[in-house]
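Chain by chain, the residues:
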Amino acid sequence: MSLAGLLSVIAADPQLRRALDAAGTGAAADGGDLGGAAAGGGDLGSASAGGDLVGPAELRPFIAAALAARAGRFVLAVTATAREADDLTAALGSLLPAESVACFPAWETLPHERLSPRSDTVGQRIAVLRRLAHPDPSDPVAGPLSVVVTPVRGLLQPIVAGLGDLEPVRLAPGQAADPDDVLTRLVEIGYTRVDLVEKRGELAVRGGILDVFPPTEEHPLRVEFFGDEVDEIRSFKVADQRSLGPAPALWAPPCRELLLTPAVRERAKELAAEHPGLADALGKLADGIAVEGMEAFSPALAERMDLLLDHVPPGGAVLACDPERIRTRAGELVRTSDEFLQASWVNAAAGAQAPIDLGESAFRPITQVRASADQLGLPWWTIAPFGAGDAAQPEPAAQPEPAAQPEAAAQPEPAAQPELAGLRDAGRPVFVTGARPAEAYRGDTARVLADVRHWLAGGWRVVLVTEGHGPAQRLTELLHGEGLGARLAGLEDAPEPGVPYVSTGLIGHGFSWPGARLAVCLLYTSDAADDLTRV
């Protein structure tokens, strides 16, 4: 179920409204569309540089979605870890159209390691870059993106320039296509020919049947040709190779970020002569044979290296989720990468395989990435929990009526909060939301019901979210049994105040937000009892 209607509710918070005004003003200046942002309010003089929002981690998907949907900006959301990136991507799928959100994963290896990243990781990365460079509104698989989420590791690592321009292989039933040409193209973009397809990035040919496992698909696809025409496309199981059902089309992005083009092979041949210690690996590349860890040679073989920031569409913005943790993680990555590269030169001095100077592929310092964002004109927004504790209200069941709570705009001035020191640059606007994380009820049904009644009595909007439809139905029945007329429905539009809503989604742990007069809790009903339990 969609929770998109909550975006209009949170925009009622004075501080967030000011932030969206600032972001929308910057988008208009960059040629973007305001897309529903409110007009006026606050000092927007620093809109082009971004701003700093203060709120709990549970607000991250809502802030990212609001910047995209209500401020009309493309958003590149950055997290400290890959797990946080996956969680944020899943949560955004409940607030925005799922096809408009994608995760840009980082390599599992260091840039200098002689190990290749997994083909599904590479395929997902290239698919995102392709959609950023050449979106196709007529194709949901390749359509435009509103939000891309990446861990800081993916932000810092340089990538081979031009990956977004690589054309994927597209096939559909009834399409005219020469099987030999399709096979040749798949090999050129990094697919490996095998006898039996078992892994992503592999292909197999048996007469007029082509099996291929695109890195972005859950199951491999079987393409049946009738002469030079695609007759049928079906997905099949890897375990027993039996068909699962028809597939609408094949969309196969490249499986390697370093393709063995004639220019790359010629450069590999030259380097093989200059570095005898690497002649074996470089010689194979010169002959057009892919080797494990060939991506480590990208700085020496590719024409140039870019950052992910270079692929952000005009009018886009960066949203750093918890900038202090991002800064710490970035420092650790840069140090680890440098130590690994230095160790390779020490080994070379001891007689081991000599490395090429691959400094261009090393993780960039976060300060350099931030400077690149400024040069590209990308506003740098942040959301951090620092200062959120000052804005927290007492427990819901004991606090005054929500209507009597001070608006978020009445919170202490950011300059008076010492924990905000170092969070922002001088002169950047700070917006303190006043939201707090949802309570950990841990099976205390009576406390949940007391809080829900209290919020409803104050005219708040209350949304209880579960991760599945079954628990949502049981929760609705429980609320009806307690005399609360709960509604089980998606929230395409804003929920009505004074009525509890039950829906499904993946939105983290929930929050209460006095400035928006909104309470969102993620709950589920135990299969063993009717206790309401906090996830």
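Residues numbered from 1 in each chain as written. Predicted model: local features only at pLDDT ≥ 70, side-chain atom pairs only at ≥ 80, totals over all residues. Heavy atoms only, no water.

## Remarks on the overall build of the protein chain
Of the regular secondary structure elements, the protein chain holds 14 helices and 24 strands. When burial is assessed residue by residue, the protein chain has 54% of its 535 residues classed as buried. Surface summary for the protein chain: the accessible area is close to 22,000 Å², and the carbon and sulfur share equals 51%. (Helix = DSSP H or I, 4+ residues; strand = E, 2+ residues; numbered from the N terminus. Buried < 20%, exposed > 50% of the residue type's maximum accessible area, 1.4 Å probe, protein only. Areas by Shrake-Rupley, 256 points an atom, 1.4 Å probe, with all protein chains shown as cover.)

## Some details on unusual backbone geometry
A negative phi angle characterises most non-glycine residues, just as the trans form characterises most peptide bonds. With a phi close to 65°, Q241 is a non-glycine residue in the positive phi region. Looking at where Q241 falls in the secondary structure, it is placed in the loop between β11 (229-236) and β12 (243-246). Phi at D322 is positive, roughly 65°, even though this residue is not glycine. Position of D322 among the secondary structure elements: in the loop between β15 (317-321) and α11 (323-349). The exposure class assigned to D322 is buried, which follows from its relative accessible area of 7%.

## Quick word on the pairing of strand β9 (residues 209-212)
Strand direction decides the pairing type here: strand β8 (residues 202-206) and β9, joined by four bridges, are antiparallel. From the neighbouring strand, L203 faces β9, where its bridge partner is V212. Here β8 folds back onto β9 in antiparallel fashion, the turn holding two residues, of which G207 has a positive phi close to 60°. Here β9 pairs with strand β10 (residues 221-226) via four bridges, running antiparallel. Each residue of the ladder has a partner; that of I209, found in β10, is E224. (Pairing = 2+ DSSP bridges.)

## Structural notes on the sheet that holds β12
Judged by pairing direction, the sheet is mixed, and its six strands sit side by side in the order β7-β8-β9-β10-β11-β12 without closing on themselves. Across the chains shown, the open sheet's two edge strands, defined by having one partner strand only, are β7 (192-193) and β12. Two strands pair when backbone bridges link them, and β10 and β11 are joined in this way by six bridges, in the antiparallel orientation. The residue of β11 that forms the bridge with L221 is S235.

## Focus: helix α4 (residues 82-92)
Of all the residues in α4, the buried ones are E84, A85, L88, T89, A91 and L92. The arc enclosing the buried residues of α4, seen along the axis, measures out at 165°, which places them on a common side. (Arc of directions from axis to C-beta.)

## Considering the sheet that holds strand β3 (residues 101-103)
Taken together, the seven strands give an open sheet; going across it, the order is β3-β4-β2-β15-β16-β1-β17, and neighbouring strands pair in parallel fashion. Unpaired on one side and paired on the other, β3 and β17 (430-432) mark the two borders of the sheet. Across the sheet, the mean angle from the axis of one strand to that of its neighbour is 20°, orientation sign disregarded. Sitting on the sheet, helix α3 (residues 60-69) touches β1 (52-54), β2 (75-79), β4 (147-151), β15 and β16 (380-384), and the angle it makes with β15 is about 175°. (Axes fitted to C-alpha atoms, helices over the stretch in contact; angles between N-to-C directions. Contact = heavy atoms within 4.5 Å.)

## Concerning helix α7 (residues 179-188)
Listing the buried residues of α7 in full gives V182, L183 and L186. Viewed along the axis of α7, the buried residues span an arc of 100°, placing them on a single side of the element. Those residues of α7 that are exposed and angled more than 90 degrees off the buried face are D180 and D181. Elements that come into contact with the buried residues of α7 comprise β6 (169-171), β7, β8, β9, β10 and β13 (250-252). Regarding α7, its N-cap is D178, as a side-chain oxygen of that residue lies 2.8 Å from the backbone nitrogen of D180 further along. (Polar contact = N/O pair within 3.5 Å; in protein donor to acceptor, adjacent residues only side chain to side chain.)

## So, the side chain of T89
Looking at the element boundaries, T89 is found in helix α4. Judged by relative accessible area, which is 17%, T89 ranks as buried. When neighbours within four sequence positions are excluded, T89 is seen to be in contact with V101, A102, C103 and V149.

## Details of the packing of aromatic side chains
Taken as a whole and judged by the stated rule, the model has four aromatic pairs. Pairing F511 with W513 gives two aromatic rings, centres 5.9 Å apart and planes at 75°, and the pair type is edge-to-face. Residue classification places F511 among the buried residues on the basis of a relative accessible area of 1%. A connected cluster of aromatic rings, assembled from ring pairs, spans F62, F511 and W513. (Phe/Tyr/Trp six-rings, centres within 6.5 Å; stacked < 30°, edge-to-face > 60°.)

## A word on the environment of F363
Its location among the elements puts F363 in the loop between α11 and α12 (366-376). Separated by 30 residues in the primary sequence, F363 and L333 place their C-alpha atoms 7.0 Å from one another.

## A closer look at the environment of F236
The topology assignment puts F236 in strand β11. Considered as a pair, F236 and L221 are 15 residues apart in the sequence and their alpha carbons are 6.2 Å apart. Excluding its chain neighbours within four sequence positions, the residues that come into contact with F236 are V197, D211, H219, P220, L221, R222, Q241, R242, S243 and L244.

## Re the nonpolar core
Counting residues in each nonpolar core, the largest one holds 51 residues, and the members touching the most others are L92, L319, W381 and L518. Residue contributions to this core peak at seven residues, all from α3. In this view, L319 contacts R60, I63, A64, L67, V75, L76, A77, V78, W381, T382 and I383; residues no more than four positions away in its chain are not counted. Among the nonpolar cores identified, the runner-up in size contains 38 residues, and F104, V128, L145 and L309 belong to it. (Core = buried A, V, L, I, M, F, W, Y, C linked by side-chain atoms within 4.5 Å.)

## Some details on the side chain of D13
Along the polypeptide, D13 turns up in the loop between α1 (6-10) and α2 (14-29). Buried within the structure, D13 lacks any salt-bridge partner; R17 is the closest side chain of opposite charge, at an N-O distance of 7.3 Å. Only 3.1 Å separates the side chain of D13 from the side chain of W513, close enough to count as a polar contact. (Lys, Arg positive; Asp, Glu negative; His and termini not counted. Salt bridge = Lys/Arg side-chain N within 4 Å of Asp/Glu carboxyl O.)

Distances and angles like these do not, on their own, reveal function.
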